[in-house]
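Residue-level listing of the chains:
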Amino acid sequence: MADITGDQRIQSEVLEGLATAVNHRRWFVELALPYLGDNPIEIGSGLGDYAIEWAEHLPRFTATEADPDRLVLLKERMADHRNIEVRQMLLPAQDAAGEYSAAVSYNVLEHIEDHVGALRSMSELVRPGGRVIIIVPAFMFAMSNVDIATGHIRRYTKKTLGAAFAEAGLEMEKLHYANALGLIGYYGATSIFKLAPKEGPMVKVYDSLVLPVTKAAERVVKPPFGQSVFAVARTPR
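In this text the structure is predicted, and so the values were computed from the model without any measurement.

## Considerations on unusual backbone geometry
- Backbone geometry places F139, a non-glycine residue, at a positive phi of 70°.
- Structurally, the position occupied by F139 is in the loop between strand 5 (126-137) and helix 6 (145-149).
- Unusually for a residue other than glycine, N179 sits at a positive phi of about 70°.
- Turning to its location among the elements, N179 is positioned in the loop between strand 6 (171-178) and helix 8 (180-192).

Here's what the structure looks like:
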């Protein structure tokens, strides 16, 4: 499988900017938490923001990163979190022993050419009957220069992501769009105004004012579109 694509510097800048979107992160933390089990592994932990919040609720957590420079920063940041192990990992994993309760990966699959192979590899890391939990960006019409610069090969719909899970031999358990208003904002910012989602007033206003309303509404009714696709599937028993 080819390396994850994209400009690592631009990826880091976007990650740093999105780290300020606290409400957005907590929402997506909550989405995965019921499915993680007691010993999950995250593929592509980046700066570790999600890992730290998930690990607060779990006895053990493994964070991973493929990029050597970000791996160093990740290890430094996790040094004081004793229940978090940090590993370097690029799919397909060479030592996939099926020891983890779940494999979770947010905004990584869209970087990988062989995304079905990546899902199979994640499945091999997980115990029989465990979960693979994915969030990916939605809808190809929203593919922008920001996506291309950060190495996105594709964006997904529920149909295309579900097909990849099925081809990987995983049993779909949950599949829905998330953050409907975020898709509108992202398309406007990146495709119309040619802006990157970096730290600044736009991200802060969206995160503090718009996102809480979106989250509350989507708890009641799942939208027909969204900025992201969220999926949970079981590994073969």
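## Re the pairing of strand 7 (residues 228-234)
- In terms of burial, strand 7 is largely enclosed, as six of its seven residues are buried.
- Across seven bridges, the pairing between strand 5 and strand 7 is antiparallel. Within the sheet, the bridge partner assigned to V132 lies in strand 7 and is A233.
- As paired elements, strand 6 and strand 7 share seven bridges and run antiparallel to each other.

## Quick look at helix 7 (residues 158-167)
- Taken together, the buried positions of helix 7 are occupied by L161, G162, A164 and F165. For helix 7, the buried positions fall inside an angular range of 155° around the axis, keeping them on one side. Looking at helix 7, the residues exposed on the side facing more than 90 degrees away from the buried face are K159, A166 and E167.
- At its buried positions, helix 7 is contacted by helix 5 (115-124), strand 5, strand 6 and strand 7.
- Immediately downstream of helix 7, the backbone of G169 shows phi near 85°, a positive value.

## Description of the packing of helix 8 against helix 9 (residues 201-220)
- Interhelical geometry of helix 8 versus helix 9 gives an angle of 150° and a closest axis separation of 8 Å. Considering their axes alone, helix 8 and helix 9 lie roughly antiparallel with respect to each other. Touching A180, L181, G182 and A189 of helix 8 are M202, Y206, V210, T214 and E218, all from helix 9.
- Along the lines of polarity and charge, the residues of the contact of helix 8 with helix 9 split into six nonpolar, two polar and one charged.

## Remarks on the environment of A142
- Assignment of secondary structure puts A142 in the loop between strand 5 and helix 6.
- Taking the relative accessible area as the measure of exposure, A142 reaches 0% and is therefore buried.
- For the pair A142 and T190, spaced 48 residues apart in sequence, the C-alpha to C-alpha distance is 8.3 Å.
- The residues touching A142, leaving out its near neighbours within four places in the chain, are D147, R155, L183, Y186, Y187 and S191.

## Some points on the sheet that holds strand 7
- Read from one edge of the open sheet, seven strands run 3-2-1-4-5-7-6, paired in mixed fashion. The open sheet terminates on both sides in strands that have one partner only, identified here as strand 3 (84-88) and strand 6.
- Pairing of strand 1 (residues 41-42) with strand 4 (residues 100-106), which is carried by two bridges, proceeds in the parallel orientation. Residue pairing in the sheet places E42 in a bridge with V104 of strand 4.
- The strands touched by helix 5 are strand 4 and strand 5; relative to strand 5, the strand with the most contacts, the crossing angle is about 140°.

## Let's talk about the pattern of salt bridges
- For the structure on display, the rule yields nine salt bridges.
- Linking E30 and R219 is a salt bridge whose minimum nitrogen-to-oxygen distance equals 3.3 Å. Here E30, found in helix 2 (residues 22-32), pairs with R219, found in helix 9; they are 189 residues apart in sequence, far enough to count as distant.
- Here E30 falls in the partly exposed class, since its relative accessible area comes to 37%.
- Close ionic contact of D38 with R127 constitutes a salt bridge, the shortest N to O distance being 3.2 Å. Here D38 is found in the loop between helix 2 and strand 1, whereas its partner R127 is found in strand 5, with 89 residues between them in sequence.
- One salt-bridge network, held together by shared partners, links E30, K215 and R219.

Reading the values: rules and limits
- Here, residues in each chain are numbered from 1, in the same order as that chain's written sequence.
- In keeping with the predicted nature of the model, local features appear solely for residues at pLDDT of at least 70, side-chain atom pairs appear and are counted solely at 80 or more, and the whole-chain, interface and lining totals rest on all residues.
- The side-chain values count all of the structure's non-hydrogen atoms but skip hydrogen atoms and water molecules.
- For the purposes of this entry, the term helix denotes a DSSP run of H or I that reaches at least four residues, the term strand denotes a run of E that reaches at least two, and both are numbered from the N terminus.
- For each residue, the accessible area found with a 1.4 Å probe, counting protein chains only, is set against the maximum for its type, and the residue is called buried under 20%, exposed over 50%, and partly exposed in between.
- When DSSP finds two or more bridges between two strands, those strands count as paired.
- Directions pointing from the helix axis toward each C-beta atom define the arc.
- Any pair of residues with heavy atoms lying within 4.5 Å of one another is described as a contacting pair.
- Under this scheme, a helix contributes an axis fitted over its contacting stretch, all axes are lines through C-alpha atoms, and angles between N-to-C directions fall in the 0 to 180 degree range.
- Note on terminology: angles under 35 degrees are roughly parallel, angles over 145 are roughly antiparallel, angles of 65 to 115 are roughly perpendicular, and the others are oblique.
- When residues are grouped by polarity, Ala, Val, Leu, Ile, Met, Phe, Trp, Tyr, Cys and Pro land in nonpolar, Asp, Glu, Lys and Arg in charged, and all others, Gly among them, in polar.
- A pairing counts as a salt bridge when a side-chain nitrogen of Lys or Arg comes within 4 Å of a carboxyl oxygen of Asp or Glu.

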